[in-house]
Amino acid sequence: MTHPLLRVQDLRVSYRTPAGDLPAVDGVSFSLAQGQALGLVGESGAGKSTIALALMRLLPRNVAQLEGEVELEGAALLSLPDEAFRREVRWRKIAMVFQAAQEAFNPVLRIGDQVTEPMIVLGGMSKAEARAEALRLLDLVRLPGEVFQRYPHELSGGMKQRAVIAMALALKPKLLLLDEPTSALDVTVQAQIMDQLKDLKRDLGLSVIFITHDIALASDICDTLGVMYAGKLAELGPAEAVLARPQHPYTRLLLASLPRLAQERPPQFIPGIPPDLRAPPSGCRFHPRCPQAFERCSREEPPLLAVGEGHTSRCWLAEGPGSSRRGTPE
Ligand code: ATP
Ligand code: SF4
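How each quantity is defined
- Residues numbered from 1 in each chain as written.
- Chains lettered and ligands numbered in written order.
- Predicted model: local features only at pLDDT ≥ 70, side-chain atom pairs only at ≥ 80, totals over all residues.
- Heavy atoms only, no water.
- Buried < 20%, exposed > 50% of the residue type's maximum accessible area, 1.4 Å probe, protein only.
- Helix = DSSP H or I, 4+ residues; strand = E, 2+ residues; numbered from the N terminus.
- Pairing = 2+ DSSP bridges.
- Right-handed = clockwise from strand over helix to strand, strands pointing away.
- Near = heavy atom within 4 Å.
- Nonpolar A, V, L, I, M, F, W, Y, C, P; charged D, E, K, R; others polar.
- 1 Å grid on protein atoms, 1.4 Å probe; cavity = no way out; pocket = protein on both sides within 12 Å on 5 of 7 lines; lining within 4 Å.
- Points joined across faces, edges and corners; volume = space filled by probe spheres on them.

Student: What exactly am I supposed to notice about the pairing of strand β8 (residues 207-212) here?
Tutor: In summary, the side chains of a regular strand alternate between the two faces of the sheet. Of all six residues making up β8, six are buried, and the element is well covered by its neighbours. Alternating positions in β8 separate into two faces, S207, I209 and I211 on one and V208, F210 and T212 on the other, with burial throughout. In this sheet, β8 lies alongside strand β3 (residues 37-41) in parallel orientation, the contact comprising five bridges. Looking at β8, one finds that A37 is bridged to V208. Where strand β7 (residues 175-179) lies against β8, five bridges are found, and the strand directions are parallel. Within the sheet, the bridge partner assigned to L175 lies in β8 and is S207. In this region the chain leaves β7, passes through helix α6 (residues 187-204) and returns to the parallel neighbour β8; the handedness of that crossover is right-handed.

Dropping the structure here:
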């Protein structure tokens, strides 16, 4: 039997806060095949970064609950002891580019020393081997070799972001987690980095989880889109289907909020604000903001219902507003 590269089943993460536990990720399941990209999209606070931090085992200390199953190439990850995870998985199999990562370079060290450090410390390479590999990686992300000798302040934002991506690839991971990798860059540089990421995915057979609030940007690289709302997946499916036939009202609003040059109507705003996850709304979490909410929505929480081939939506409308049949189990 072949396993997907990554399988996440019923992942739950909550944080301890002075005002009570906050379930940031509340029963999220998905799988990802090798060479495929999954986009996790949604507003700030939906739980996207928490999923990535859980996969990297880099969650902050105030985690109150971490449950579910995570399998990489069929091997269970959550039960792996910390030391084994550090030795075998983090950076070697799963690597991550963090939000605003380009600001994390040490300003007094040359780029080359920072890119080679994980290869020497974690990969056991000699200095000469690491230098040769770093030059190869800089070339792969289309940076000239002279960048190796430069200090971070001598590079533009786009160049620094390419160097961060090179660093994340240092130990040849199979899965790359990208958390808002282009949000600090202007649109032209953003487009160049997106092209670069598409090339890397294709040429290296990389699997990617791309985290962003920008569904248009995600659709540029992703095969599958997962729309997150308030700690849960609201919609999950092939990117073309989610974009062409969005089934969840929240996905439709996200798409309608995109500015489009060719469109006469101005972009729509999503009414209201995301809920406080410590006391989420009853029934469907989106019901206080949903333009299509009806009586059942505040009473019963919808499961993810099948709406097409590999396409699910957490909305009672998938059954029709008059139906009271329960959906497919998650
Ligand atoms: P963003 O794009 O803003 O990072 P996100 O979708 O990635 O949003 P998360 O950062 O995963 O969302 O946050 C999910 C929820 O968990 C939010 O309500 C956030 O305030 C909360 N949260 C995140 N980290 C902590 C923490 N260390 N302690 C308490 N709550 C946290
Ligand atoms: Fe809107 Fe109801 Fe669907 Fe929730 S279940 S998204 S409130 S229509």
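Student: What is the right way to look at the site of ligand 2 in this model?
Tutor: All residues in the neighbourhood of ligand 2 are listed as H248, P249, C284, H287, C290, Q292, A293, C297, P302, C315, W316 and L317. Grouping the amino acids of the shell around ligand 2 by side-chain chemistry returns nine nonpolar, three polar and no charged.

Student: Help me understand the layout of surface pockets in this model?
Tutor: Rolled over the atoms, a probe as big as a water molecule pinpoints where empty space is left. In this structure, the largest pocket occupies an estimated 460 Å³ of space. Looking at the largest pocket, it is lined by 19 residues, and the ones nearest its centre are W91, Q114, E117, P118 and M167. Of all elements in the fold, only β6 (94-97), α3 (111-121) and α5 (157-168) reach the threshold of two or more residues within the lining of the largest pocket. For the lining of the largest pocket, the element with the highest residue contribution is α3, accounting for four residues.

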